Amino acid sequence: MVEGNLMTVTRTCSALFRAAIIASVALCLSFPSVCAGALRKVTVFPFRVTSPGPDKDLQNFSDHANKRLRSTLDSLSENFALEPEMSTLALLKGKDAPETDEEALTLALEAHADLVVYGYLSRENSRFRLRAVMWDAQTGRAIVSTDMKVDNIHGLPNVLQLFINSVSKRLHGGPRLPLYRSTAPVPADVKGLNRTPTLVTLPRNTGPWRSPELGATLLGLDMGDLDGDKKNEIVFLDESGVTINRFEEGTIRPLTQFSESPAVFVSAEIEDLDGDGIAELILCYQKPTGIESAIVRYENRDFRIAVKIPNVILKTVKEPSIDAKKRILIGQRTDTENIFSGEMIRYELEGEKLTSIGNIALPPGTLVLSYDFGQLGKAGESFRVILNQDQRLMLFDSENRLI
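This report concerns the structure included in the present document.

What counts and how
Residues numbered from 1 in each chain as written. Predicted model: local features only at pLDDT ≥ 70, side-chain atom pairs only at ≥ 80, totals over all residues. Heavy atoms only, no water. Pairing = 2+ DSSP bridges. Helix = DSSP H or I, 4+ residues; strand = E, 2+ residues; numbered from the N terminus. Axes fitted to C-alpha atoms, helices over the stretch in contact; angles between N-to-C directions. Buried < 20%, exposed > 50% of the residue type's maximum accessible area, 1.4 Å probe, protein only. Salt bridge = Lys/Arg side-chain N within 4 Å of Asp/Glu carboxyl O.

### Topic: the sheet that holds strand 21 (residues 382–387)
Phase 1 of the analysis: The antiparallel open sheet is built from three strands, whose spatial order is 20-21-22. Edge positions in the open sheet fall to strand 20 (371–375) and strand 22 (393–396), since each of these has one partner strand only. Averaged over all pairs of adjacent strands, the angle between strand axes in this sheet comes to 25°, irrespective of strand direction.
Phase 2 of the analysis: Sheet topology note: the strand 21/strand 22 ladder contains four bridges and is antiparallel. Bridge pairing in strand 22 links L387 to L393.

### Brief notes about the side chain of E233
Phase 1 of the analysis: Among the structural elements, E233 can be located in strand 9 (residues 233–238).
Phase 2 of the analysis: For E233, a relative accessible area of 0% puts it in the buried group.

### Observations concerning the pattern of salt bridges
Phase 1 of the analysis: Summed over the entire model, instances satisfying the criterion amount to 26 salt bridges.
Phase 2 of the analysis: With its nearest N and O atoms 3.3 Å apart, the salt bridge here joins R246 to D227. One end of the pair, R246, is in strand 10 (residues 241–248); the other, D227, is in the loop between strand 8 (220–224) and strand 9, and 19 residues separate them in sequence.
Phase 3 of the analysis: Since its relative accessible area comes to 11%, R246 is described here as buried.

None of the figures reported here should be taken as evidence of function without further support.
Below you can see the structure in the form of structure tokens.
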């Protein structure tokens, strides 16, 4: 459904405009009583419809987007003050909503706003485009930006939701998962050394995969045939959701995006669970109520949730003693004090029904998201590898004995 790129779009302001921004920041530095302790003012402009001629469909969506954005920002917290809609319309003085960075920021300075949200909608060669930006007037840069094209107007709500998720995360931050300890123990002999941080100790806003064509920091990816056309799709995972992509003509082409606000996504995996030749998408995400997993089917460039299961982390693993040819689906309960006992639930998917068919014992301390099984060292020797809660790699044999 979705074609285009998520990317950070920062246009160069004129020297005069940048001077105005610097002057406004200098005012706060010179007179801290004016700015200290004040709420951060947020101005939201309606998305401008830039298609030639009247476009009722896009105008209706612009009205919907304006309501959604204002509703989201209005409920943020006591640290932000949303400018009333009537004041924003008065600021426009009967003119069209801003389209460029300079237009929006000129109005933001006039309104003494700290943050400004604006964007535009257009119809381009039978495709629909949404560009949305949140700009920080104090720093003079875009802090959230989404620019995507969709083949169908019904795909625009997904793009809007992605922008809303990014705004919420930028202003609130994402909740930290309680599955690892916040500070890993440091051996005495390496304390004080200037060592490069390992992947597991990198801050949450740093990810192992980055690309100038992607606005989000990727946390993972997987490949598989999700629609049964004998061509593999690529799934990109970031905290706000997943994007389905395909590699065509030498480039990665985004197809559609899935998110479930206010969830923070943790893992995404592609695997054919029912043996029909079409892979399912296994998602795990954290909601305010706790961990939840879902098995999703991708049909006609749209997502359909087949199964949802709360308080369980779903993942497929290799287990030759049970099935030497394919991975098996297991789940780890997160609503029990014995979450790290190593006891997992084995599941089987039939149609839309997920059935528990027994248990499987993994090494104590296992978080299934950080577990794998395979051959290491000499041929024929297989081991279980885990990253435990203290962020230590541990190696076990097939009978869960520590090596």
